[in-house]
Amino acid sequence: MELLKECHLCPRNCGVNRYQEKGYCGATNKVRVAYYSLHHWEEPVLSGTRGSGTVFFSHCNLSCMYCQNQKISLKGYGKNISNKRLQEIFLELQKKKAHNINLVTPTIYVPQIASVLRKIKGKELTIPVVYNTSSYENIGTLMAMRGLVDIYLADLKYFDDELGRKYSKCENYFETATLAIDEMFRQVGKPVLRNHLMKKGLIVRVLVLPGHTLDAKQIIEYLYKTYQDDIIISIMNQYTPVAECPYENLNRKLTEEEYEDVINYALTIGVQKAFIQEGDTAEESFIPDFDKRIL
Ligand code: SF4
C-alpha cells in the first residue's frame with residue numbers, strides 16, 4: 001500500500017516506509033489487533049442490548065501517560081493479521097449480532113481498514129461503522145474514510161496544548177483535534193438515532209482529568225459554542241490512575257465534587273445532549289460503564 005511506504009497518516013508525519021521500519025507509533029505495514037469482542041460498556045446508544053462489535057487495534061499515535069490500555073497502545077500487545085482476517089472479524093462480529101463495528105484507535109491502519117470496508121460495506125456488512133479516535137488526526141486520513149464511517153466517537157482531550165505536550169507528548173493538540181472533529185462532523189452530520197441506537201453522527205468524549213476541571217469546562221464550552229446540540233458530548237468520570245504515570249497529580253481518581261462541578265457547568269451553559277456517568281466507574285479498568293441517562 002503506497003501510503004505506508006512514506007507514512008504521513010497522522011500528525012507525527014514520520015515519513016517512514018512501514019514495510020521496512022517503524023515510526024513513532026511502532027506499527028508496521030501489517031494490521032495488528034489486540035482483541036475483539038462484543039463490548040457492553042460504551043455509550044448506551046452504541047452498546048444497546050447486544051453490544052458494540054469492538055476491535056482494539058494495537059499501537060497508537062499518542063503516548064498518553066495515563067492510558068489504561070498501555071499494554072496495547074504503547075507496548076503493542078496483539079497479533080498481526082491479514083486484511084482478509086480483518087474482514088472475517090468484522091463479519092463475525094456482525095453475525096454475533098453486534099449493533100455496530102467499533103474501530104478503536106484505527107488511525108494508523110486506515111489504508112488497510114478502508115480497503116476492507118470498501119469491499120464489504122453496504123453489501124455483506126450492513127451495520128454502522130464507528131471510528132473511535134483520540135482526534136490526533138490528519139484531515140487527509142479522515143477523508144479516506146468518508147462514506148465508510150457512520151459514527152465518529154472522538155476524544156477532545158485537552159484545551160490547553162501544554163497539557164497535550166506534558167501528558168501525551170504531542171504538539172498543537174487542540175487545533176489539530178478540533179480541525180479533525182470539524183471534518184468528522186462534515187462527514188456524518190447531526191445524530192440519527194433509531195430505537196435508541198445511533199446510526200449516524202458524532203459523539204465527542206471529554207474525560208475529566210483530576211485537577212483539570214477548568215480544562216474540561218473549556219473543552220465543553222468550545223464544543224457547545226461550535227456545534228450546540230448537533231453533536232452528543234460524553235462527559236466521562238472514569239479516569240483510572242496507572243502505576244506507570246510519572247505525574248503525581250494524576251495518581252488519584254477524579255473526586256465526585258470535581259465531576260459534579262463539570263456537569264453543573266455543562267448544564268449552566270445550556271448543554272442538553274450529553275451522556276454522563278454515574279457511580280465509581282474508575283474501578284472498571286478500561287471498561288466504560290455508562291448509565292442510561294442522557295442529560
Ligand atoms: S501512523 Fe505511525 S508511522 Fe505513520 S505518521 Fe503516524 S506515528 Fe508515524
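This text follows the structure it describes.
Think of each chain on its own: its residues are numbered from 1, step by step along the sequence as written. The predicted nature of this model means local features are confined to residues of pLDDT at least 70 and side-chain atom pairs, given and counted, to a pLDDT of 80 or more, with totals for whole chains, interfaces and linings taken over all residues. Side-chain calculation: all heavy atoms of the structure are included, whereas hydrogens and water are not.

## Details of the site of the ligand
- Definition of nearness: a residue and a molecule or strand are near each other if at least one heavy atom of the residue lies within 4 Å of the molecule or strand. In the vicinity of the ligand, the residues found are C7, L9, C10, R12, N13, C14, R18, G23, Y24, C25 and I108.
- Under the grouping applied here, Gly and all other residues not named as nonpolar or charged are polar, the nonpolar ones being Ala, Val, Leu, Ile, Met, Phe, Trp, Tyr, Cys and Pro and the charged ones Asp, Glu, Lys and Arg. Partitioned by chemical class, the residues of the shell around the ligand number 7 nonpolar, 2 polar and 2 charged.

## Comments concerning the packing of helix α9 (residues 213-227) against helix α10 (residues 256-269)
- It is at 10 Å that the axes of α9 and α10 come closest, and there the two elements cross at 25 degrees. Looking at the two axes, α9 sits roughly parallel to α10. Considering the relative orientation of α9 and α10, their crossing is right-handed. Together, T213, A216, K217, I220, E221 and Y224 of α9 and E258, D261, V262, Y265, A266 and I269 of α10 make up the contact between the two elements. Throughout, an axis means a line fitted to C-alpha atoms (over the contacting stretch in the case of helices), and angles, computed between N-to-C directions, take values from 0 to 180 degrees. Each helix is a run of H or I in the DSSP string that is no shorter than four residues. Each strand is a run of E no shorter than two, and both are numbered from the N terminus. Reported orientations rely on four angle classes, namely roughly parallel under 35 degrees, roughly antiparallel over 145, roughly perpendicular from 65 to 115, and oblique for the rest. Whether a crossing is left-handed or right-handed is set by the direction in which the near helix is turned from the far one by less than a right angle, anticlockwise for left-handed and clockwise for right-handed. Pairs of residues are marked as contacts when any of their non-hydrogen atoms sit within 4.5 Å.

## Description of the pairing of strand β5 (residues 129-133)
- Burial analysis of β5 places 5 of its 5 residues in the buried class, which makes it a mostly covered element.
- Whether a residue is buried, partly exposed or exposed follows from its accessible area with a 1.4 Å probe, protein chains only, as a fraction of its type maximum: under 20%, in between, or over 50%, in that order. In β5, alternate side chains face the same way, and those of V129, Y131 and T133 on one face and V130 and N132 on the other are all buried.
- The sheet contact formed by strand β4 (residues 101-104) and β5 spans 4 bridges and is parallel. Bridge assignment links L103 to a residue of β5, and that residue is Y131. By the convention used here, strands pair only if DSSP detects at least 2 bridges between them.

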